[in-house]
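Spelled out, the chains give:
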Amino acid sequence: MKKKFYLIGFLLTTLSCSLVTKNENLTDNVDREWKYLLSMQNEKWSREKIVQILGNPTEVYNDVKSKHIYLIYKDKNTNHQSWSIGIKDEQLKAISFFPNFSNEENFSIDQISKYWGNNCIKKVEIDSSRPFVLKKNYLDCGLGRKVRINNLGQVEGLFVEF
């Protein structure tokens, strides 16, 4: 009987420690994502630095029309696209970041105001090129920074164009 209590206590201790470690790692990832986004934006990283910091991309897309090369990074666990980084002539031209369920609250409109300032203006773009009218809601934060939001006010993506 005593052995069962020790075994149950050991398993519960192990489980609680692993949950604490996982939550700390999620917080570190979110801080790291904002750090990367702000550093890329301000320092205009080269392709070499992007690969050095983020690793090899999951996919590389060559857009013949715009002559941009896009480095696509996907989350290893969910296969959800997290980064798309556009490069032309070895210069950074565009950054796209897509929050997922594990970090969406850290990329809320309030958090974006914290990192990008309070000068974001809510705008609506109408796309009538389809058989139906599509409203695209976004925040224009100036300096080529936009935040796409859905009808519920949730952030779908952060975009920086140079």
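The coordinates are above.
We now turn to the structure provided with this report. No experiment lies behind these values; they were computed from the predicted model shown. (Residues numbered from 1 in each chain as written. Predicted model: local features only at pLDDT ≥ 70, side-chain atom pairs only at ≥ 80, totals over all residues. Heavy atoms only, no water.)

### As for the overall build of the protein chain
Per the secondary structure count, the protein chain includes 3 helices and 8 strands. Across the protein chain, helices and strands are ordered from the amino to the carboxyl terminus as α-α-β-β-β-β-α-β-β-β-β. In the protein chain, which comprises 162 residues, the share counted as buried stands at 31%. When contacts within the protein chain are restricted to residue pairs at least 6 apart in sequence, those whose partners lie at least 24 apart make up 37%. Total accessible area computed for the protein chain in this model is approximately 11300 Å², and 53% of it derives from carbon and sulfur atoms. (Helix = DSSP H or I, 4+ residues; strand = E, 2+ residues; numbered from the N terminus. Buried < 20%, exposed > 50% of the residue type's maximum accessible area, 1.4 Å probe, protein only. Contact = heavy atoms within 4.5 Å. Areas by Shrake-Rupley, 256 points an atom, 1.4 Å probe, with all protein chains shown as cover.)

### Considerations on the layout of surface pockets
Leftover empty space is mapped by rolling, across the atoms, a probe with the size of a water molecule. Computed from the structure, the second largest pocket encloses a volume of approximately 270 Å³. For the second largest pocket, the full set of lining residues is E125, K136, N137, Y138, G144, K146, V147, R148, F159 and E161. Sorting the residues of the lining of the second largest pocket by element identifies β6 (134–140), β7 (145–149) and β8 (155–161) as the ones contributing at least two each. In terms of residue class, the lining of the second largest pocket is built from 3 nonpolar, 2 polar and 5 charged. (1 Å grid on protein atoms, 1.4 Å probe; cavity = no way out; pocket = protein on both sides within 12 Å on 5 of 7 lines; lining within 4 Å. Points joined across faces, edges and corners; volume = space filled by probe spheres on them. Nonpolar A, V, L, I, M, F, W, Y, C, P; charged D, E, K, R; others polar.)

### Some words on the packing of aromatic side chains
Inspection of the entire model under this criterion finds 8 aromatic pairs. On the numbers, 4.8 Å between centres and 45° between planes, the contact of F97 with F107 is tilted. Remark: F107 occurs in the loop between β4 (91–97) and α3 (109–116) and F97 occurs in strand β4; sequence separation between them is 10 residues. Taken as a pair, F97 and F107 share a single burial class, namely buried. (Phe/Tyr/Trp six-rings, centres within 6.5 Å; stacked < 30°, edge-to-face > 60°.)

### Focus on the nonpolar core
By size, the foremost hydrophobic cluster in this structure holds 26 residues, and its most contacted members are W83, I85 and L158. Mapped by element, the contributors of at least two residues to this core are α1 (2–43), α2 (47–54), β2 (68–74), β3 (81–88), β4, α3, β7 and β8. The dominant element in this core, judged by the number of residues it contributes, is α1, at 4 residues. For I85, the contacting residues outside a window of four places in its chain are M40, I50, L54, I69, Y70, L71, Y73, L92 and A94. (Core = buried A, V, L, I, M, F, W, Y, C linked by side-chain atoms within 4.5 Å.)

### Quick word on a nonpolar patch on the surface
Taken together, V124, I126 and V133 make up a surface patch of nonpolar side chains, about 280 Å² in accessible area. Examined against the element boundaries, V133 turns out to sit in the loop between β5 (121–127) and β6. Taking relative accessible area as the criterion, V133 reaches 58% and is therefore assigned exposed. (Patch = residues over 30% accessible without salt bridge, like charges linked within 9 Å, V, L, I, M, F, W, Y side chains within 5 Å. Salt bridge = Lys/Arg side-chain N within 4 Å of Asp/Glu carboxyl O.)

### Concerning the side chain of H68
Summarising the element assignment, H68 is placed in strand β2. One polar contact links H68 to S66, side chain to side chain, over a distance of 3.0 Å. Residues contacting H68, with those up to four places away along its chain left out, are Y61, N62, D63, G86, I87, K88 and K93. (Polar contact = N/O pair within 3.5 Å; in protein donor to acceptor, adjacent residues only side chain to side chain.)

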